[in-house]
Amino acid sequence: MPRRRRCRAAEAALAVLLLAVGTACGSRLPESDFEHRERATPAQDAGPIRVGIVTSATSPVGGDAFTGPRDGAKAYFERLNARGGVEGRRVEVRECDDGGSGVGNNTCVHRLLDEDKVVALVATTALDYAGASRVSHARVPDIGGQPIGAAYDTWPHLYGIYGSLAPRDGTTGWGGKQYGGTEVYRYFKREHGARTAAVVSYNQAASAAYARLVERGLRAEGYKVVTEQVDFALPNFRAVAADLKEQGVDLVFDAVDSHGNAQLCEAMDRAGVEVTAKVTNVQSWTSTVPDDYKDAPRCRNALWATGSSRNFQDTGNAAVRAFREATKGLGTHSQWQLEGWAAAMWFTDAARSCAQQGITRACVDAYMNRSQGWTADGLLLPVRFERLSEPPEHRETCLSVARWKDGRGWVTQGDMNDTCFDVPQLSYQQ
């Protein structure tokens, strides 16, 4: 049986639901760029371990759109320090808000790498990761970042939270193309008998491009596909809802932002649209659903989320309980917080492996290169970095699935390690 691999659908969805594509570009890096080396410092003689977190905390898409991974990572490090840190050394977090711009991102990268001298970046969540090539040139491991753009499938020394099979030699994916599977569409077809799916997008470049990818995937799985596009500035979701009812759709996928999703759901409820699932992604997998969809109870209870990490409400799992206990002071909870927590855990495992010889960038990076099948104590589907010379045509891909139910919240649908499909991989460009 082929090895089970993590879901790639969430990666692609992020780029469009945030309506931005942060593609890092540049030439391949000669090894001569990497000839500098660090001198290891014995752990017992060193001070705090300094890490950096870059977040687009203030950005064009909203003040709290990107802060989940940061908050989860900080909660993990606070808990770690309260328990003695790494071999007696506390982790010191240096934060930087890049404002959601490429210029701001480069400024953050310069400050954290060159001035603060961080050992690693952790849980990067950047709208425009313009500084990715600089991080790679400096051989600073970037651990557990959210793949909003193409950087984590482009540069060495960058380790996205879901892993990568791409060569990561300075060129995105394979020849500029990335690949994603059809596992989400296969799931709803096999498990729920869905046959007709709608894809709703804006008349905006990134939104339309992602919508086309979803359409291709749905058609590859044999769906009848209904396409709906609305004006970005003045979207007419009432007309969309009326057509969804007329077409008798089973599933609704979208390439719009969170506010647009709420408006779409309200319009669906008013039009009396009933679907098997209104499918969203990991970024919208939050505890704020009752407020976000307060005027759309029918659509709200048809919300499903898919991703590559264990449901943050699965408190029957010990690792999830640890996360929830440490973050109980936060006003809300989200899947991105849990993934930020996992990113901090990943760095901590790397740092512990280096404690005796010295916690340096090079040692942490070497550990990350060996991170095959890492799961964050079961919070993630097994993560791999394989550097395949050719893109896979098929992969066995596993999927984490939850649905919203009023009074219960996000309810897990089957074990993510068993919800697996051998599906085709389709190319796309960001």
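Rules used throughout
- Residues numbered from 1 in each chain as written.
- Predicted model: local features only at pLDDT ≥ 70, side-chain atom pairs only at ≥ 80, totals over all residues.
- Heavy atoms only, no water.
- Buried < 20%, exposed > 50% of the residue type's maximum accessible area, 1.4 Å probe, protein only.
- Helix = DSSP H or I, 4+ residues; strand = E, 2+ residues; numbered from the N terminus.
- Pairing = 2+ DSSP bridges.
- Expected span 1.5 Å × (residues − 1).
- Contact = heavy atoms within 4.5 Å.
- Axes fitted to C-alpha atoms, helices over the stretch in contact; angles between N-to-C directions.
- pLDDT = per-residue confidence, 0-100.
- Disulfide = S-S within 2.5 Å.
- Core = buried A, V, L, I, M, F, W, Y, C linked by side-chain atoms within 4.5 Å.
- Phe/Tyr/Trp six-rings, centres within 6.5 Å; stacked < 30°, edge-to-face > 60°.
- Salt bridge = Lys/Arg side-chain N within 4 Å of Asp/Glu carboxyl O.

Moving on, we come to the pairing of strand E2 (residues 49-55). The buried count for E2 comes to 6 of 7 residues, which makes it a mostly enclosed element. Of the pairings in the sheet, the one linking E2 to strand E3 (residues 91-97) comprises 7 bridges and is parallel in character. Across the sheet, residue Val51 finds its bridge partner in E3, namely Val93.

Take helix H5 (residues 183-192) next. By the burial criterion, the buried members of H5 are Glu183, Val184, Tyr185, Tyr187 and Phe188. Looking one or two places after H5, you find Gly193, whose phi comes out positive at around 65°.

This part covers the environment of Trp410. Its place among the elements puts Trp410 in strand E15 (residues 409-412). Owing to a relative accessible area of 3%, Trp410 belongs among the buried residues under this scheme. As a C-alpha pair, Trp410 and Asn301 span 109 residues in sequence and 10.0 Å in three-dimensional space.

With that settled, consider helix H2 (residues 67-82). In this model H2 runs 23 Å from its N-terminal to its C-terminal C-alpha over 16 residues, within 8% of the 22 Å that 1.5 Å per residue would give. Among the residues making up H2, those that are buried are Thr67, Gly68, Pro69, Arg70, Asp71, Gly72, Ala73, Ala75, Tyr76, Phe77 and Leu80. Of the surrounding secondary structure, the elements contacted by the buried residues of H2 are E2, E3, strand E4 (120-122), helix H11 (318-326) and helix H12 (335-354). Taken from the residues just after H2, Gly84 is the one with a positive phi, measuring 105°.

The strand order E9-E8-E10-E11-E12-E14-E15 describes an open sheet built from 7 strands, whose pairing is mixed. The two strands at the open ends of the sheet, each matched to only one other strand, are strand E9 (224-230) and E15. On average, each strand axis in the sheet is tilted by 30° relative to the strand beside it, whichever way the strands run. Two strands pair when backbone bridges link them, and strand E11 (residues 277-280) and strand E12 (residues 303-307) are joined in this way by 3 bridges, in the parallel orientation. Note that in E12 the partner of Val279 across the bridge is Trp304. With respect to the sheet, H5 is in contact with strand E10 (251-255), E11, E12 and strand E14 (400-405), its orientation differing from that of E12 by roughly 130°.

Turning next to the confidence of the model for the chain. Regions with low pLDDT carry predicted coordinates that are not meant to be interpreted in detail. With 89% of its residues at a pLDDT of 70 or more, the chain shows a mean pLDDT of 90. For the chain, the element scoring lowest by mean pLDDT is helix H1 (residues 9-17), at 39; E4 scores highest, at 99. Note that pLDDT drops below 50 for residues 1-45; the model gives that stretch 143 contacts with residues more than four away or on any other chain.

Right, let's talk about the environment of Thr276 for a bit. Relative to the helices and strands, Thr276 resides in the loop between helix H8 (258-271) and E11. With 23 residues separating them in the primary sequence, Thr276 and Cys299 have C-alpha atoms 9.8 Å apart. In this structure Thr276 touches His192, Asp250, Leu251, Ala302 and Trp304, once residues within four positions along its chain are discounted.

This brings us to the state of the cysteines. As enumerated under the stated definition, the model contains 4 disulfides in all. One disulfide bridge connects Cys265 with Cys299, the sulfur atoms lying 1.9 Å from each other. A torsion of -40° about the S-S bond marks the disulfide between Cys265 and Cys299 as left-handed. One end of the pair, Cys265, is in helix H8; the other, Cys299, is in helix H10 (residues 297-300), and 34 residues separate them in sequence. With relative accessibility at 4%, the residue Cys299 sits in the buried group. Here the chain pairs its bonded cysteines, counted in sequence order, in the arrangement 1-2, 3-4, 5-6, 7-8.

Okay, the side chain of Asp116 next. Checked against the element boundaries, Asp116 lands in the loop between helix H3 (102-115) and E4. Setting aside chain neighbours within four positions, we find Asp116 in contact with Arg50, Arg94 and Arg111.

By size, the foremost hydrophobic cluster in this structure holds 80 residues, and its most contacted members are Phe77, Val122, Met268, Trp346, Phe347 and Trp410. Excluding residues within four positions of it along the chain, Phe347 makes contact with Ile49, Val51, Phe77, Val119, Ala120, Val122, Ile143 and Val364. In terms of nonpolar packing, the next biggest core, distinct from the first, is built from 25 residues, Ala197, Val199, Leu213 and Val279 among them.

Bringing the packing of aromatic side chains into the picture now. This structure, assessed with the given rule, holds 18 aromatic pairs. Both rings, one in Tyr185 and one in Phe253, keep their centres 5.3 Å apart while their planes meet at 80°; by these two values the pair is edge-to-face. Taken as a pair, Tyr185 in helix H5 and Phe253 in strand E10 lie far apart in primary sequence, 68 residues in all. Each member of the pair, Tyr185 as well as Phe253, is classed as buried. Measuring from centroid to centroid gives 5.0 Å for Tyr202 and Phe232, while their planes differ by 75°, and the two rings are edge-to-face.

What follows deals with the pattern of salt bridges. Scanning all chains against the criterion turns up 16 salt bridges. One salt bridge in this structure joins Arg94 and Asp116, with 3.0 Å as the shortest N-O distance. Separated by 22 residues along the polypeptide, Arg94 in strand E3 and Asp116 in the loop between H3 and E4 bring together distant segments of the chain. Across the pair Glu266 and Arg270 runs a salt bridge, and its minimum N-O distance is 3.8 Å. Taken together, the residues Glu266 and Arg270, both in helix H8 and 4 residues apart, mark about one turn of the helix. The class for Glu266 is partly exposed, based on a relative accessible area of 22%. A relative accessible area of 67% places Arg270 in the exposed class.

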